[in-house]
Amino acid sequence: MGQSTANEPIRLTLPLSKEDLAPLRIGQEVRLTGPAYTSRDAGHMRMMEALEQTGQLPFGLEGQTIFYAGPTPAAAGRPLGSVGPTTASRMDFATPAVMDAGVAAVMGKGKRSQEVIDACKRNGSVYFACVGGIAALLAKCVTSSELVAWEDLGTEALRRIQLEDFPVFVAVDTQGGDLYRAIEAGQQV
């Protein structure tokens, strides 16, 4: 796992192992470098269909990180024009199942259900929160993008993107800690 000081984020290389994820705690700033996959509601419905049919995630998603985003086409000389986080609770219907099937981490924005928190704890997985509203800036942290599947879904197609120093915060950790609920309860994070 990467090291961090009080003022410096933890730097991790994707894909993430259970050993990378275990020491992370809510509120920590992390920078991710490596491959991630974009998917939103419609893509998660297709993942769930594949799980029901085969018992496995499609396209080698086991051990990977899924970013809840619908990136825009290439622009400004970059592989994507913008790539902002989608409200993560929209994927709560599928997240426990995809974590149970092997997804290591997910990224989005906003609070998660208790079922997702339980799935993180059960599977040693993590939910990273991204800052919303800065999609064009976040696109500068994407060095490549390729369509993997479900082109008919448009911006919701499954894409493999290469991240470089992508900023996130640990929002749900492997111990079941939840940044949003901790802040609501007035806990020091």
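Everything discussed here concerns the structure shown above.
Treat the numbers as computed from the prediction; the structure is a model and nothing was measured.

Draft legend 1. Expanded view of the environment of serine 144. Structurally, serine 144 is set in strand S6 (residues 142–149). The exposure class of serine 144 is partly exposed, given its relative accessible area of 35%. Sequence separation between serine 144 and leucine 163 is 19 residues, and the spatial gap between their C-alpha atoms is 7.8 Å. Once residues within four sequence positions are removed from consideration, serine 144 is found in contact with Pro79, Arg160, Ile161 and Gln162.

Draft legend 2. Inspection of the nonpolar core at higher detail. Counting residues in each nonpolar core, the largest one holds 29 residues, and the members touching the most others are Met47, Leu57, Val106 and Tyr127. Residue assignment for this core shows that the elements contributing at least two residues are helix H2 (41–54), helix H3 (95–100), helix H4 (114–123), strand S5 (126–129), strand S7 (158–172) and helix H6 (179–184). In this structure, Leu32, Leu163, Phe166 and Val168 belong to the second largest nonpolar core, which totals 28 residues.

Draft legend 3. Quick peek at the packing of aromatic side chains. Inspection of every chain in the model, using the stated rule, returns two aromatic pairs. On the numbers, 5.5 Å between centres and 80° between planes, the contact of phenylalanine 59 with tryptophan 150 is edge-to-face. Here phenylalanine 59, found in the loop between H2 and strand S3 (65–67), pairs with tryptophan 150, found in the loop between S6 and S7; they are 91 residues apart in sequence, far enough to count as distant. Given the relative accessible area of 43%, phenylalanine 59 is considered partly exposed. Take tryptophan 150: its relative accessible area is 15%, and that puts it in the buried class. The ring of tyrosine 127 carries the charged tip of arginine 112 above its face, separated from the ring centre by 4.8 Å.

Draft legend 4. Region of interest: the environment of threonine 72. Take threonine 72: it is sitting in the loop between S3 and H3. When the C-alpha positions of threonine 72 and valine 170 are compared, they lie 25 Å apart, and in sequence the two are 98 residues distant. Once residues within four sequence positions are removed from consideration, threonine 72 is found in contact with Leu80, Gly81 and Ser82.

Draft legend 5. Unusual backbone geometry, seen in detail. For the peptide bond that leads from leucine 14 to proline 15, omega is -5°, which places it in the cis range. Of note, proline 15 is situated in the loop between strand S1 (10–13) and helix H1 (18–21). For tryptophan 150, which is not a glycine, the phi torsion comes out positive at approximately 65°.

Draft legend 6. Region of interest: H2. Along its 14 residues, H2 runs 20 Å from first to last C-alpha, staying within 8% of the 20 Å computed at 1.5 Å per residue. Turning to H2, the residues buried within the fold contact S3 and H3.

Draft legend 7. Layout of H4. Those residues of H4 lying buried are Val116, Ile117, Ala119, Cys120 and Asn123. Burial along H4 is one-sided: seen end-on, the buried residues are contained in an arc of 160°. Residues of H4 that are exposed and point over 90 degrees away from its buried face: Glu115 and Lys121. Contacts made by the buried residues of H4 are with H1, H3, S5, S7 and H6. Immediately downstream of H4, the backbone of glycine 124 shows phi near 70°, a positive value.

Reading guide: rules and limits
Residues numbered from 1 in each chain as written. Predicted model: local features only at pLDDT ≥ 70, side-chain atom pairs only at ≥ 80, totals over all residues. Heavy atoms only, no water. Helix = DSSP H or I, 4+ residues; strand = E, 2+ residues; numbered from the N terminus. Buried < 20%, exposed > 50% of the residue type's maximum accessible area, 1.4 Å probe, protein only. Contact = heavy atoms within 4.5 Å. Core = buried A, V, L, I, M, F, W, Y, C linked by side-chain atoms within 4.5 Å. Phe/Tyr/Trp six-rings, centres within 6.5 Å; stacked < 30°, edge-to-face > 60°. Lys NZ or Arg CZ within 6 Å of the ring centre and 35° of its normal. Expected span 1.5 Å × (residues − 1). Arc of directions from axis to C-beta.

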